[in-house]
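Chain by chain, the residues run as shown.
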Amino acid sequence: MQPRLLLPLVLVVAAVTAGVGMLTREVYQRPAPAQGDQIAVPSAGSSAPVPREDQPGGGVVQLSIDASMHPDGPRVREVLQQFFDAINDLDYELWTGTVTRRRVDETPRSRWLSDYESSRDGTILVHRVESVSPDRLRVLMTFTSTQDVAKAPAELQADCIHWRVVYPLQAEDGTLRVDLGTEGSTSQFTPC
């Protein structure tokens, strides 16, 4: 073979090999899709707001298509489902299993029960999951809460609030847990 044809041939073979390798990696890294009502598929009907009398809406945590494609999407949905179930059922013990030890230490049972005694959360949608480090995720989500006005944030005294939040999730003891962090300080909220 002529030397001037050898270099282009080697480059073509290398490019094809790299392309096949990348395609194979994508196929084998794709997460298992969430089941049933766990994925929120955009459609004309899904953008309709929940009527005021039905707020806060259903308590099932849903993932956007983007969030469901993240390798940790199913784990994120699972921990957030338990987190919101704990709040909706006023179950402090369940809640402590969904948050980091640091967060439990900073939130005694009596304060938690007082803070959440009238809360109901629903219409929960995880829009995006971002990897911050191998042990930490940033989760952009929206949800609606109803509560006694006295338990609402001082900045918005309302019995029904639409939240847009970023929750930090931290791996702890082999499971994902909702953590404290500066991510949550950027919460946005509007009245229903």
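From a predicted model like this one, the values you see are computed outputs, not experimental measurements.

Participant: Can you walk me through the nonpolar core in this structure?
Facilitator: If you look at soluble globular proteins, the nonpolar side chains tend to sit buried side by side. One finds Leu80, Phe84, Val126, Met141, Tyr167 and Leu169 to be the most contacted residues of the largest nonpolar core, which totals 31 residues. Those elements giving two or more residues to this core turn out to be α3 (73–88), α4 (92–96), β3 (120–133), β4 (136–146), β5 (160–172) and β6 (175–178). In terms of residues, this core owes the most to one element, α3, which gives seven residues. Met141 has contacts with Leu80, Phe84, Ile124, Leu125, Val126, His127, Trp163, Arg164, Val165 and Tyr167, leaving out every residue within four places of it along the chain.

Participant: What am I meant to see in the pattern of salt bridges here?
Facilitator: This model, assessed by the stated rule, comprises 12 salt bridges. Taking the shortest distance from any N to any O, the salt bridge between Asp72 and Arg75 comes out at 3.0 Å. Of the charged contacts, one joins Arg111 and Asp115 as a salt bridge, the two residues approaching to 3.7 Å between their closest N and O atoms. With Arg111 and Asp115 both in helix α6 (residues 109–116) and four residues apart, the pair spans about one turn of that helix.

Participant: What am I meant to see in the confidence of the model for the protein chain here?
Facilitator: In this model, the protein chain carries a mean pLDDT of 82, and residues with pLDDT of at least 70 account for 73%. Here helix α1 (residues 3–29) stands out as the least confident element of the protein chain, with mean pLDDT 49; α4 is the most confident, with 97. For residues 18–36, every residue scores under 50 in pLDDT, and the model assigns this stretch seven contacts once sequence neighbours within four places are set aside. Between residues 42–47, whose pLDDT stays under 50, and residues either more than four places distant or in other chains, the model counts two contacts.

Participant: Would you take a moment to explain the environment of Ala150 for this structure?
Facilitator: Positionally, Ala150 belongs in the loop between β4 and β5. Sequence spacing of Ala150 and Ser118 is 32 residues, and the spatial spacing of their C-alpha atoms is 9.7 Å.

Participant: What is the right way to read the pairing of β3 from this model?
Facilitator: A regular strand carries its side chains on alternate faces of the sheet. Alignment of strand β2 (residues 62–64) against β3, held across two bridges, turns out to be parallel. Counted as the bridge partner of Gln62 is Leu125 from β3. In terms of strand pairing, β3 meets β4 through 10 bridges, oriented antiparallel. What sits directly across from Asp121, in β4, is Ser145. Hairpin connection between β3 and β4: a loop of two residues separates the two successive antiparallel strands.

Participant: For this particular structure, what's the right way to read unusual backbone geometry?
Facilitator: Glycine aside, a negative phi is what most residues show, and trans is what most peptide bonds show. Pro56 follows Gln55 through a cis peptide bond whose omega is 15°. Positionally, Pro56 belongs in the loop between β1 (39–40) and β2. With a phi close to 45°, Thr123 is a non-glycine residue in the positive phi region. Within the fold, Thr123 resides in strand β3. Backbone geometry at Asp173 places phi at a positive 55°, although glycine is not the residue there. Along the chain, the position of Asp173 falls in the loop between β5 and β6.

Participant: Quick question: what am I supposed to make of the side chain of His70 here?
Facilitator: Within the fold, His70 resides in the loop between α2 (65–69) and α3. A relative accessible area of 12% means that His70 is categorised as buried. In this structure the side chain of His70 is engaged in a polar contact, spanning 2.9 Å, whose partner is the backbone nitrogen of Asp72.

Participant: Explain the state of the cysteines to me, please; I cannot follow it from the model alone.
Facilitator: Counted by the stated rule, this structure contains one disulfide. The partner cysteine of Cys160 in its disulfide is Cys192, sulfur to sulfur 2.0 Å. Taking the sign of the S-S torsion, -75° for the link of Cys160 and Cys192, the bridge is left-handed. Taken together, the residues Cys160 in strand β5 and Cys192 in the segment after β7 (188–191) connect sequence positions 32 residues apart. Under the relative-accessibility criterion, Cys160 is labelled buried at 1%.

About the cut-offs
Residues numbered from 1 in each chain as written. Predicted model: local features only at pLDDT ≥ 70, side-chain atom pairs only at ≥ 80, totals over all residues. Heavy atoms only, no water. Core = buried A, V, L, I, M, F, W, Y, C linked by side-chain atoms within 4.5 Å. Buried < 20%, exposed > 50% of the residue type's maximum accessible area, 1.4 Å probe, protein only. Helix = DSSP H or I, 4+ residues; strand = E, 2+ residues; numbered from the N terminus. Contact = heavy atoms within 4.5 Å. Salt bridge = Lys/Arg side-chain N within 4 Å of Asp/Glu carboxyl O. pLDDT = per-residue confidence, 0-100. Pairing = 2+ DSSP bridges. Polar contact = N/O pair within 3.5 Å; in protein donor to acceptor, adjacent residues only side chain to side chain. Disulfide = S-S within 2.5 Å.

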